[in-house]
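A look at the structure
Read off the chains here:
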Amino acid sequence: MPAAPPEEHQDQSLVSVPPSGGNSISMVGDGGARLEREAAVERHTTDSGESVDQLMTRIVAGDRAAFCRVYDLTIARVYGVIVEVVRDPHLAEVTAHHVMIEIWRAAPTCDTSRGTTMGWTISIAHRRAVDRVRSQVARRTREQRFTTPGTASARTPTPPGWP
C-alpha cells in the first residue's frame, strides 16, 4: 500500500481548484500552455511522453511525484464530472479532493488491462458524486420528516406501558 498522499500540491502553475464559493476551475498560466496540458490529458500523456497509466504504476510503488503529476493531469476533469452531478462548486471541490485521496489509496486496484487509468479515475469521481447527492437527499428527507409538525414520524414514540 502506498504511503500517505502528499500533504500539499506544490505546482501551482497547472491547475487550481477554486476557493469556496468559486464557480469554476481556474487555469493559471498562459493560454497556449493550458491548451497543451489539456491536449496531454486527452492523450493521457505527460509532457515527457509518460502515460497516466505508466504514472499509476509508479503511484502503486509509492511515488509521490507521480501522484502529483496524475493530480495535475486529472483534477480538472475530476472536478468537472463532480460539479455536473452535485451542482455545488464547494461540495464538488471537497469531493474532488476526497476522490484524489481515494485514487492514491486504491491505486493497487487499478487494472489497466480492463481500461484506462483516466476511465477508472472518472468512474470513481462519478460514483462519489452520486453518493454525495444521495446523501444530501437522504439528509434533507430526514430533516423534513423530524421537523415537520403533525407528521407521524415527528412525534417521539412512547414506549409500551407509558402514559
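Here the structure is shown first, and the text comes after it.
Residues numbered from 1 in each chain as written. Predicted model: local features only at pLDDT ≥ 70, side-chain atom pairs only at ≥ 80, totals over all residues. Heavy atoms only, no water.

1. Description of helix α3 (residues 64–86)
For α3, the principal kink sits at T74 and spans about 50°. N-capping of α3 is provided by D63, with a side-chain oxygen placed 2.9 Å from the backbone N of A65. Following α3 by one or two positions, R87 adopts a phi angle in the positive range, close to 60°. (Bend = angle between axes of the 7 residues up to and from the residue. Helix = DSSP H or I, 4+ residues; strand = E, 2+ residues; numbered from the N terminus. Polar contact = N/O pair within 3.5 Å; in protein donor to acceptor, adjacent residues only side chain to side chain.)

2. So, the packing of α3 against helix α5 (residues 117–147)
One can describe the packing of α3 onto α5 by two numbers: an axis separation of 9 Å at closest approach and a directional angle of 30°. On the basis of their axis angle, the class for α3 and α5 is roughly parallel. Pair α3 / α5 crosses with right-handed handedness. Along the contact surface, α3 presents L73, T74, R77, V78, V81, I82, V85 and V86, while α5 presents M118, T121, I122, A125, H126, A129, V130, R132 and V133. (Axes fitted to C-alpha atoms, helices over the stretch in contact; angles between N-to-C directions. Parallel < 35°, antiparallel > 145°, perpendicular 65-115°, else oblique. Left-handed = near helix turned anticlockwise from the far one by under 90°. Contact = heavy atoms within 4.5 Å.)

3. Quick word on the nonpolar core
Grouped together as the largest cluster of nonpolar side chains are 32 residues, with contacts concentrated most on I59, V78 and I82. Contributions of two or more residues to this core are made by α2 (52–60), α3, α4 (89–106) and α5. For this core, the element with the highest residue contribution is α3, accounting for 12 residues. (Core = buried A, V, L, I, M, F, W, Y, C linked by side-chain atoms within 4.5 Å. Buried < 20%, exposed > 50% of the residue type's maximum accessible area, 1.4 Å probe, protein only.)

4. Observations regarding the packing of aromatic side chains
As enumerated under the stated definition, the model contains 2 aromatic pairs in all. Note on F67 and Y71: the rings are 6.4 Å apart at their centroids and 55° apart in plane angle, and the pair reads as tilted. With a gap of 4 residues between them, F67 and Y71 both fall in helix α3, about one helical turn apart. Just as F67 is buried, Y71 falls in that class too. (Phe/Tyr/Trp six-rings, centres within 6.5 Å; stacked < 30°, edge-to-face > 60°.)

5. Considerations on the pattern of salt bridges
Within the structure shown, the criterion is met by 6 salt bridges. One salt bridge in this structure joins R58 and D63, with 2.8 Å as the shortest N-O distance. (Salt bridge = Lys/Arg side-chain N within 4 Å of Asp/Glu carboxyl O.)

6. As for the packing of α3 against α4
Between α3 and α4, whose axes approach to 8 Å, the crossing angle comes to 140°. The orientation of α3 with respect to α4, classified from their angle, is oblique. Regarding α3 and α4, the two cross each other, and that crossing is right-handed. Between α3 and α4, the contacting residues are R64, F67, Y71, T74, I75, V78, Y79, I82, V83 and V86 on the first element and P89, L91, A92, E93, T95, A96, H97, V99, M100 and W104 on the second.

7. Examining unusual backbone geometry
The phi dihedral of R87 falls on the positive side, at around 60°, and the residue is not glycine. Looking at where R87 falls in the secondary structure, it is placed in the loop between α3 and α4. When its relative accessible area of 63% is taken as the criterion, R87 is described as exposed.

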